[in-house]
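What follows is the residue order along each chain.
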Amino acid sequence: MARQVGADVSPVDVGIATEETIAGVLEKKVCYGTRNFLKEAAMTEEEVLSAIEVGIEVVKSCKETGYTLLATGEMGIGNTTTSSAMAAAMLGCPVENITGKGAGLSDAGLLHKIEVIRQGLKKHGCDRGDTFGILASVGGLDIAGLCGVYIGGALYHLPVVMDGVISTVAALAAERLVPGVKEFLIPSHQSREPAAELMMKELRVKPVIHAGLALGEGTGAVLMFGMLDIVHALYENKTTFADIEVEPYTRF
């Protein structure tokens, strides 16, 4: 998909739980995976800050390389659980209203997932107003890294296209931590996960693509690239109603 629209893919290892060096992946490992949030905080404050810094540094490098538009995507393990936990905490919503089946859980699996999130939030006493604490307690390195990408986009004036639900929860966290970040966000699609729509409303952004997509690896963002190319071409060529001698529509 990226090749089709002329986009480069730059995978970044923020915290894969392996010592293996993976060809083609930028090595920025903060630690070897997150911890079980039913037993302890997923990350330390230092690890969260380091992961956010990785995201900011990646954006800075992209800016220096000459990129003018970025997109997010992620590949995490169990990260619709961490994103649902964060969304429930940040929005103050009942867990069952915001948690979906992710990669394809059964009904029984979904009920277990909801209970795990409830227990995690109860254990850490997540305060809706403490975004950083929520991220450290029940979040993930992928979310923290993406959070840094959005902050970096604002710092270096690079617009960032959001992808799925994990990318969206990271965007909401970034906006809560650094108000104004959302001015550099471009929403792509609305994920099938229940949390997605609620977080979009909280961010006051409207997704463009409604295609029932359930992937977060950047697929919706790449589709958006193609649409943005078309919009940009229209804008650059100044195609208006006047050009084609059609009176502008009047909306009531």
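What you see is a predicted model; the values in this text were computed from it and never measured.

Basis of the calculations
- Residues numbered from 1 in each chain as written.
- Predicted model: local features only at pLDDT ≥ 70, side-chain atom pairs only at ≥ 80, totals over all residues.
- Heavy atoms only, no water.
- Helix = DSSP H or I, 4+ residues; strand = E, 2+ residues; numbered from the N terminus.
- Rg over C-alpha atoms; globule rule 2.2 N^0.38 Å.
- Buried < 20%, exposed > 50% of the residue type's maximum accessible area, 1.4 Å probe, protein only.
- Areas by Shrake-Rupley, 256 points an atom, 1.4 Å probe, with all protein chains shown as cover.
- Lys, Arg positive; Asp, Glu negative; His and termini not counted.
- Charge placed at Lys NZ, Arg CZ, Asp CG, Glu CD.
- Axes fitted to C-alpha atoms, helices over the stretch in contact; angles between N-to-C directions.
- Parallel < 35°, antiparallel > 145°, perpendicular 65-115°, else oblique.
- Left-handed = near helix turned anticlockwise from the far one by under 90°.
- Contact = heavy atoms within 4.5 Å.
- Pairing = 2+ DSSP bridges.
- Expected span 1.5 Å × (residues − 1).
- Core = buried A, V, L, I, M, F, W, Y, C linked by side-chain atoms within 4.5 Å.
- Arc of directions from axis to C-beta.

Another point: the overall build of the protein chain. Helices and strands together make up the secondary structure of the protein chain, namely 10 helices and five strands. Whereas a compact globule of 252 residues would reach a radius of gyration of roughly 18 Å, the protein chain reaches 19 Å, a difference of no more than 12%. Dimensions along the principal axes, computed over C-alpha positions, put the protein chain at roughly 65 × 45 × 35 Å. The burial tally for the protein chain puts 44% of its 252 residues in the buried class. When the accessible surface of the protein chain is split by element, carbon and sulfur atoms take 54% of a total near 13,800 Å². Side chains of the protein chain give 21 positive and 31 negative charges; the mean places of these two sets differ by 5 Å.

For the rest of this paragraph, the subject is the packing of helix H7 (residues 141-155) against helix H8 (residues 165-177). Relative placement of two packed helices is described by the angle separating their axes and the distance separating the axes. Following both chains from N to C, one finds H7 and H8 inclined at 60°, their axes separated by 8 Å at the closest point. In terms of orientation, H7 and H8 fall into the oblique class. The chirality of how H7 crosses H8 is right-handed. Taking contact as the criterion, the partners of Asp142, Ile143, Leu146, Cys147, Tyr150 and Ile151 in H7 are, on H8, Ile166, Ser167, Val169, Ala170, Ala171, Ala173, Ala174 and Leu177.

Taken in spatial order, the three strands line up as S3-S4-S5 in an open sheet, and their pairing is parallel. Every other strand in the sheet has two partners, leaving strand S3 (70-71) and strand S5 (185-187) as the edge strands with one partner each. Strand direction decides the pairing type here: strand S4 (residues 160-162) and S5, joined by three bridges, are parallel. Counterpart to Val160 in the pairing with S5 is Leu185.

For helix H3 (residues 79-91), with 13 residues, the first-to-last C-alpha span of 18 Å sits near the 18 Å given by 1.5 Å per residue. Buried residues dominate H3, accounting for 13 of its 13 residues. Directly beyond the C-terminal end of H3, a positive phi value near 65° is found at Gly92.

The subject of this paragraph is the environment of Ser50. Positionally, Ser50 belongs in helix H2 (residues 45-65). Exposure remark for Ser50: the relative accessible area of 32% places this residue in the partly exposed category. Between the alpha carbons of Ser50 and Val14 there is a distance of 9.2 Å; along the sequence they are 36 residues apart.

Bringing the side chain of Ser167 into the picture now. Along the chain, Ser167 falls in helix H8. Among the residues examined, Ser167 registers a relative accessible area of 0% and is labelled buried. Ser167 has contacts with Thr72, Gly73, Leu146 and Tyr150, leaving out every residue within four places of it along the chain.

Formed by 60 residues in total, the largest nonpolar core has its most connected members in Val48, Met86, Leu121, Leu135, Tyr150, Met162 and Met199. With nine residues, the single largest contributor to this core is H7. Setting aside anything within four residues of it in sequence, one finds Met86 in contact with Ile134, Leu135, Val138, Gly139, Ile143, Val169 and Ala173. Among the nonpolar cores identified, the runner-up in size contains seven residues, and Ala2, Val161, Ile209 and Phe225 belong to it.

Next up on the list: the packing of H2 against H7. One way to put it is that H2 packs onto H7 with a least axis distance of 6 Å and a crossing angle of 45°. By the angle between their axes, H2 is oblique relative to H7. Viewed along their axes, H2 and H7 form a crossing whose handedness is right-handed. Between H2, through Glu47, Val48, Ala51, Ile52, Gly55, Ile56 and Val59, and H7, the contact on the second element is made entirely by Leu141, Ala144, Gly145, Gly148, Val149, Ile151, Gly152, Gly153 and Leu155.

Across its 21 residues, H2 extends 30 Å between first and last C-alpha, which sits within 8% of the 30 Å expected from 1.5 Å per residue. Along H2, the residues that are buried comprise Glu47, Val48, Ala51, Ile52, Val54, Gly55, Val58, Val59 and Cys62. The buried residues of H2 occupy an angular sector of 140° when projected down its axis, which confines them to one face. Exposed residues on H2 whose side chains face more than 90 degrees from its buried face are Glu45, Glu46 and Glu64. Just beyond H2, the residue with positive phi is Gly66, at close to 115°.

As for its position among the elements, Ser84 is in helix H3. Excluding residues that lie within four positions of it along the chain, Ser84 makes contacts with Ile98, Thr99, Gly100, Ile117 and Glu193.

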